[in-house]
Amino acid sequence: MNRRTFVIRTVAAAGALGIGWSLLPPRGRLGDRDTLPAKPGEAALNGWVRIGTDNHVTVIMSKSEMGQGIHTTLAMLLADELDADWSQVRTEMSPQRAIYNNIATVVDGLPFHPDDDGLIRRTAEWMTAKVIRDSGLMLTGGSSSTKDLWLPMRQAGASARAMLVRAAADAWQVPAADITVAKGVVQHASGRRATFGELIAAAALLPVPGDAPLKTAAQFQLIGTPMRRIENATKLAGTATFGIDVALPGMRYASVVMCPTLGGTVQSFDAGAATAMPGVLHVVQVDGYHGGTAGVAVVADTPWHAMMAVNAVKVTWNHGAMADLSSAQEIDRLAKVLDTADGHAYYSHGDVDMALQSAATRIEAEYRAPYLAHAAMEPINCTVQFANGRATVWASTQVPGLARRAAARALGISDGDVDVQVQFLGGGFGRRLVVDFVGQAAAIAKVANGAPVQVIWSREQDLRHDFYRPACVARFTAGIDDAGRLLAWRNTSAGQALLPPILRRLFDLPGIPLDKTTSEGAFDQAYEYPAARIAHETVPLPVPVGFWRAVGHSHQAFFTESFIDEVAHMARQDPVAFRLALLTKHPRHARVLQRVAALSGWGTPMEPLSDGSRTGRGVALHSSFGSVVAQVAEVRVDAAHVLHVTRVVCVIDCGFPVNPNMIRQQVEGGIVFGLSAALHGEITIEKGQVQQGNFNDYQAVRMAGTPVIEVEIIPSTEHPEGVGEPPLPPIAPAVANAIFAATNQRLRPLPLRLARIESTA
Amino acid sequence: MIAITLNGATVSINAAPDTPLLWVLRGELHLHGTKFGCGIGSCGACTVHLDGVPVRACVTPLSAVGARVVTTIEGLHGPEADRLVAAWTHVDVVQCGYCQPGQLMSACALLRATPQPNDAEIDRAMSGNLCRCGAYSRIRAAIHRAAVPAPSAD
C-alpha cells in the first residue's frame, strides 16, 4: 500500500472514532462562560479562565501535569496575553469538553517525512485536525501540549483581556483604546483604575470576542522567560494530591494480584484465608482490561490490610497463550524475520541496490533493543466510586477521555455517566496513556456498594504488568566510495506495532494498516542520503506494548546514530564532519550539531587520566516531535572496566522557547531517563512472566551516576515544538559512540554492557 | 493501641505491630506526604526521620519505632529545612514531585549531620533516593545552595 492510501484510510479511521464531522467555528476552541461549571465569587470569561472577585485568575488546565511543567507553561501563555500579575494566577484541571481535545499529537502521528510539504500532507493534516477537534480526546502525550495550545491559550487570554477592557471602558465612559492593562490592573490615562476582581462581574456579561489581537514577541512579559514551576510549594510541602493521595469519606482500598503470566486468566481461587484476615471486605476476580491481565483483588479497610490479604488468596491460573513466551527467543525471531522480510518502506529514495553494488566498501551491522518498563515513581493506582448508576474516577492519567470510556465499559454505563478527576501524575512517561488500570478499578469498585475504592498496585505488579516499550531489531547496510563518501543506506527493522491493538481495544477499529511509531526515528531524519531505503517489518507478538517516552525514537535513534558513527569511522572521517556533509540542505540540524561540537570541545583531546582510565567522546543528532537535539557524551572506562558517563553537552532547537527553565528541566530529565535505559534498562520475559519486579532488579540512574549536564537552547522565533521527549533519543547513541571512542568496543545491543577487554595489568 | 511520637505529638495507633510505618502514616493517619514507591526500601520515596535519622518507612514496622521520634515531611521544620525548601524553590528542582518529600528528608538529615557536604557526601547521603524524572543535578545544586555558608575569613 502506498502512502496516499494509508493517509486516506487513517483519516477515515479517525472520522469513524467520532460523533460527527462538523467543524467547530474558527473560535471553536475558545469556548464560552458556560463551558466551565460555575463557582461562587468567580466568573468565566471563556473556557480557559475564570476570575474571582478576590482577584484570583484561575487558568484552566486541559493537560495532565506529570513533571513536564506544562501547567506553568500554559498558565504563562494565558496570563501574559491577559496581562495578569503572575502572583494572582492559579491553575485548575478542566472538565472534559471538545475544546480541550488534543489536536497536535494526532496530526503529528501522520507518517510523513519532515521534508515532505506536498498537497497530500497538508490535506491530510487539515482533515485530521478538523476531525480530531470534534471527535478526539483530551490527551497529554507526544510532546504536543505546548504546540497544541500555543495559540488557544493566548487567544483565550487576549479575549478575556478585551472583555475586562470593554467593561472598564463602559463603566468609565471612555474609549477602550485609551485603556491599558499591566500586572492585573486596568488603567485609563485619566488615572482611573480597577482590578480584574472589580471588573469581572460586568466583563462576564459581555460577548466573547474571537478576534482579540495577540501580542508580538517583543510585547511578551512572561512568555519566553525562565519561569519557575507554579506548583512548587505544594509539591515541597507534601500536600500536592497525586492519584494515590486521593482521600474520600468511607473510602476502601484494594490490592490486586494479576496472573504472573502476561495475558493469563484466573481458573479458580480460594479466598478462605484472605477473607478471615483483618479488615477484609471483598475478594473479587477481575478480568484484564484494555490489554491488561486478569487477576484477583482484595478490598479492605486500609491499604495494608488489602496488601496483606491479597497475598493470602490462593489462585490457580490459566497461563494462557503466552505461557511459553521467552523475550530472548522473540528477539531472535525478530532478527530471523529480517533474513527474508523487506518490510514496508517508510522512506525510499534512489536506487539503493545499484549504489551498494558500486560501493568501494560495504558496512553491515545488526542492532537490538529490549523491552522496557516505565517505572514511574508513583505506582499504578486509581480510585473509583460507583453509585446510583454514575461513576467518578480519580486518577493519575494522561488520557481522561479514554479513562472515562474504560470505566464506562467496565461498569456497563454510558460515557456521559462517568466523571474523571485528573490528579497530579507521579511520572507518566507514556504508561498513563493506557487505561487498563481504570477499567480494572471500575470493575472492583462495582462490588463496594457505592463506597469509593482506591486500587493500589504493588511495585511488582506495576513492573510486571506494564505496557512495555517494544523490543526491536534493526539491520543496516551502508556503502561508501573510495573517498569515504556515503553512497547508500539501507535499514530494515522488525518489531511489534503498538497502535493497532490500542485502537482495536478502545475504538473497536479493525486496526490501522501501518504504524508510524515503529519506524519513527529511522525514516524521518534529515540526512540527505544519495540513496536510501528505510523500512520496518511489523511482527505480531502478544506482549503488551505501549508508548514509552519518545516511543519509536527511543530505540531507532540508537540504531541510526550508532550505525552512522560506524560508517563515519569506516570512512576515516570525523563523526561530526561526516554528519554535516549529509545536512547541506538542513541548516537547522547542521547548526545544532555545530553548536554541540563547539560547546563540548569536540576535536580537542580529553584530559589524560593517570589511573588507567580510558576516555572518549561520542556525538548523536536526532530530531523528534518537531525539535532537533544534539548531544556529546563523555565517558570514562576505569581500570576495573566500569563505565562512567561524566559529562553530557546538549543543544536543542525546539522552536520558540516558551519557558527556558522548563525546557532545561526536560533536557536534564530526558537525558537521565534515557541514560537509565541505555545503561540498565531491560525487561526480560521467561515462560510469559516478566523477570524484573522492583528497583533492585530494574535499576535506574541515581545521584552518583548522573553526569554533569550542560544545555544550550537555540534562540528561535519559529512555532514552539516538543520538549518532553526529544532530549531522550540521542543519549544512548552518544554514550555508545563515546564508548567506542574510548575502548574500540562497538556495543550494538541495548543496554550497553562493556565486555571485559584485554587485561590492563 | 501503640503510641508513637509523631511530628511533635503523641499519637495512638490502632494497627498491628508489623504494619509498616508507611502504611500507618498513609492508611491510618492520612499523612500523604510520605510516598509509597517500592515497598522494599529501594527508592526512598517513603523516607522519614526516626530521632533525626533517615529511614525507609516502607520497611520499618510500627513495632520498631519504639520511643524514637518520628518526623515526616509534614513536620519537617528548622533552619536546615527552611533553607532546603528555599533552595529547592530557587533552583526549581521539582518535576513530577513524587519523590521530593523523600529527597528533602534525606537532604535535611545530611545537612544536619554535615553542614557543608561535598559531592561525594551528597552522593552517599542521597543514593537511596530515586528520581525517575532525573532531577539529580538540581538536587545537588540545591543542597550546596542550602549548605551553611563558609565562615568568612576575617
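Since this is a predicted model, take the numbers as computed values, not measurements.

Draft legend 1. Fine view of the packing of aromatic side chains. Residues and elements named next belong to chain A. The tally for this structure, following the rule as stated, stands at 19 aromatic pairs over all chains. Arranged with centres 5.6 Å apart and planes meeting at 85 degrees, the rings of Tyr367 and Phe558 form a pair that is edge-to-face. Note that Tyr367 is positioned in strand β14 (residues 361–369) and Phe558 in helix α16 (residues 552–570), a separation of 191 residues in sequence. Here the two residues Tyr367 and Phe558 agree in accessibility, since each one is buried. Between the aromatic rings of Phe476 and Phe563, the centroid separation amounts to 4.6 Å while the plane-to-plane angle is 20 degrees, which identifies the pairing as stacked. A residue pair is termed long-range when its members are at least 10 positions apart, and Phe476 in strand β19 (residues 472–480) and Phe563 in helix α16 qualify at 87 residues. Of the two residues examined, Phe476 and Phe563, each falls in the buried class.

Draft legend 2. Highlighting the interface of chain A and chain B. Contacts between the two partners involve 56 residues from chain A and, on the opposite side, 49 residues from chain B. Summing both sides of the interface, chain A and chain B together bury roughly 4,300 Å²; the carbon and sulfur share of this comes to 59%. Its largest share of buried area at the contact with chain B, chain A owes to Leu236, Met377 and Met703 of chain A, together 21% of the area lost on that side. Applying the counting rule to chain A against chain B returns three salt bridges. Residue Asp245 of chain A pairs with Lys35 of chain B through a salt bridge whose shortest N-O separation is 2.5 Å. For the pair chain A and chain B, the interface holds 27 residue pairs in polar contact (both at pLDDT 80 or more). Examining the composition of the side of chain A that touches chain B, we find that 10 residues originate from one element, helix α19 (residues 660–679) of chain A, more than from any other. Here the residues of the side of chain A that touches chain B sort into 29 nonpolar, 16 polar and 11 charged.

Draft legend 3. Local environment of the domain arrangement of chain A. Residue and element names in this part refer to chain A. Looking at chain A, the domain boundaries give domain 1 (31–102 + 137–237), domain 2 (245–320 + 380–456) and domain 3 (341–371 + 469–743). Here domain 1 and domain 2 have C-alpha centroids that lie 37 Å from each other. Across the boundary between the two partners, domain 1 contributes 13 residues, which contact 16 residues of domain 2. Both sides of the domain 1 and domain 2 interface together cover about 1,200 Å² of buried area, and 61% of this is carbon and sulfur. A per-residue breakdown of the area domain 1 buries against domain 2 is headed by Met66, Gln96 and Leu137, which together make up 46% of the total. Counting every contact that joins domain 1 to domain 2 gives zero salt bridges. Our enumeration of links across domain 1 and domain 2 arrives at four residue pairs in polar contact (both at pLDDT 80 or more).

Draft legend 4. Up close: the domain arrangement of chain B. All names here are of chain B. Structurally, chain B comprises domain 1 (2–74) and domain 2 (79–146). Taking only C-alpha atoms, the centre of domain 1 and the centre of domain 2 are 20 Å apart. Across the contact, 16 residues belong to domain 1 and 12 residues belong to domain 2. A per-residue breakdown of the area domain 1 buries against domain 2 is headed by Lys35, His49 and Ile73, which together make up 39% of the total. At the boundary of domain 1 with domain 2, the tally comes to zero salt bridges. Our count for the domain 1 to domain 2 interface comes out at five residue pairs in polar contact (both at pLDDT 80 or more). Mapped by element, the contributors of at least two residues to the side of domain 1 that touches domain 2 are β3 (47–50) and β4 (53–56). Examining the composition of the side of domain 1 that touches domain 2, we find that three residues originate from one element, β3, more than from any other.

Draft legend 5. Quick peek at the sheet that holds strand β1 (residues 42–46) of chain A. All names here are of chain A. Taking strand neighbours across the sheet as the criterion, the four strands line up as β1-β2-β3-β4 in an open arrangement whose pairing is mixed. The strands lining the two open edges of the sheet, one partner per strand, are β1 and β4 (89–93). Adjacent strand axes in the sheet meet at a mean angle of 30 degrees when their direction is disregarded. Inspection of the sheet shows β1 paired to strand β2 (residues 49–52) by four bridges, in the antiparallel sense. Each bridged residue has a counterpart across the sheet, and for Glu42 the counterpart in β2 is Gly52. Lying over the sheet, helix α2 (residues 70–82) contacts β2, β3 (57–61) and β4, oriented at roughly 130 degrees with respect to β3. Lying over the sheet, helix α6 (residues 196–203) contacts β1, β2 and β3, oriented at roughly 115 degrees with respect to β2.

Draft legend 6. Quick peek at the sheet that holds strand β24 (residues 643–653) of chain A. All names here are of chain A. Strand order across the open sheet formed by four strands is β22-β23-β24-β27, with mixed pairing between neighbours. Single-partner strands in this sheet number two, and they are β22 (614–624) and β27 (708–713). Adjacent strand axes in the sheet meet at a mean angle of 15 degrees, parallel and antiparallel pairs treated alike. Here β24 pairs with β27 via six bridges, running parallel. Each residue of the ladder has a partner; that of Cys650, found in β27, is Val711. In the packing of helix α20 (residues 731–743) onto the sheet, contacts are made with β22, β23 (627–637) and β24, and the angle to β22 comes to roughly 155 degrees.

Here is what the cut-offs are and how they apply
- Residues numbered from 1 in each chain as written.
- Chains lettered and ligands numbered in written order.
- Predicted model: local features only at pLDDT ≥ 70, side-chain atom pairs only at ≥ 80, totals over all residues.
- Heavy atoms only, no water.
- Phe/Tyr/Trp six-rings, centres within 6.5 Å; stacked < 30°, edge-to-face > 60°.
- Helix = DSSP H or I, 4+ residues; strand = E, 2+ residues; numbered from the N terminus.
- Buried < 20%, exposed > 50% of the residue type's maximum accessible area, 1.4 Å probe, protein only.
- Contact = heavy atoms within 4.5 Å.
- Buried area = accessible area lost by both parts, 1.4 Å probe.
- Salt bridge = Lys/Arg side-chain N within 4 Å of Asp/Glu carboxyl O.
- Polar contact = N/O pair within 3.5 Å; in protein donor to acceptor, adjacent residues only side chain to side chain.
- Nonpolar A, V, L, I, M, F, W, Y, C, P; charged D, E, K, R; others polar.
- Domains from an automatic or database assignment.
- Pairing = 2+ DSSP bridges.
- Axes fitted to C-alpha atoms, helices over the stretch in contact; angles between N-to-C directions.

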